[in-house]
Amino acid sequence: MSYVVGERVRVSDRAHEGHHRTPAYLKGKAGVVERAHAAFANPETRAYGSDGLPARVLYLVAFEQRELWPEYAGSDADRIYVDLFEHWLERAA
């Protein structure tokens with residue numbers, strides 16, 4: 001599965017034990033793909049001695065501040081940008 005710039009995605013809200021690079025405050029939240037970086041070894045499995053293969057694509061995803069924090073008092077245009085691995089993303093409506 002791969003995503004394109006401008007595509008709306010949601011961060012998977014699945015439970016995960018141990019090391020992972022997806023902030024809990026993003027789980028279940030929707031954002032927009034801003035950039036597709038290269039594929040990298042998976043740090044979640046490398047943390048436990050694996051080679052991290054297959055490599056996973058890393059995406060830069062933009063989230064509206066209000067989507068994350070409804071009480072946010074700043075501008076509606078404010079965004080937070082986070083690099084997320086493809087296996088944590090799913091298509092959003």
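The shown structure was predicted, so the numbers you read here are calculated from the model rather than taken from an experiment. (Residues numbered from 1 in each chain as written. Predicted model: local features only at pLDDT ≥ 70, side-chain atom pairs only at ≥ 80, totals over all residues. Heavy atoms only, no water.)

When helices and strands are tallied, the protein chain shows 2 helices and 5 strands. Its helices and strands taken in sequence order, the protein chain reads β-β-α-β-α-β-β from the N to the C terminus. In terms of C-alpha radius of gyration, the protein chain reaches 14 Å, essentially the compact-globule figure of 12 Å for 93 residues. In terms of principal-axis extent, the alpha carbons of the protein chain reach across some 45 × 25 × 20 Å. Buried residues in the protein chain amount to 34% of all 93 residues. Across the protein chain, contacts joining residues at least 24 apart in sequence account for 58% of those joining residues at least 6 apart. Of the roughly 5,600 Å² of accessible surface on the protein chain, 51% is carried by carbon and sulfur atoms. Positive and negative charge centroids in the protein chain, built from 12 and 14 side chains respectively, lie 2 Å apart. (Helix = DSSP H or I, 4+ residues; strand = E, 2+ residues; numbered from the N terminus. Rg over C-alpha atoms; globule rule 2.2 N^0.38 Å. Buried < 20%, exposed > 50% of the residue type's maximum accessible area, 1.4 Å probe, protein only. Contact = heavy atoms within 4.5 Å. Areas by Shrake-Rupley, 256 points an atom, 1.4 Å probe, with all protein chains shown as cover. Lys, Arg positive; Asp, Glu negative; His and termini not counted. Charge placed at Lys NZ, Arg CZ, Asp CG, Glu CD.)

Turning our eyes to something else, we now look at the confidence of the model for the protein chain. Looking at the protein chain, the pLDDT average stands at 92 and 99% of residues meet or exceed 70. Mean pLDDT per element in the protein chain: helix α1 (residues 43–46) is the minimum at 85, and strand β1 (residues 8–11) is the maximum at 98. (pLDDT = per-residue confidence, 0-100.)

This part covers the side chain of S12. Within the secondary structure, S12 sits in the loop between β1 and β2 (30–40). S12 gets classed as buried once you look at its relative accessible area, which sits at 8%. In contact with S12, not counting residues within four places along its chain, are K27, G28, W88 and E90.

Let us look at the nonpolar core. Ranked by internal contacts, the top residues of the largest apolar core, which has 13 residues, are L26, V61, F63, L84 and L89. Elements that contribute at least two residues to this core include exactly β1, β3 (56–64) and β4 (79–85). (Core = buried A, V, L, I, M, F, W, Y, C linked by side-chain atoms within 4.5 Å.)

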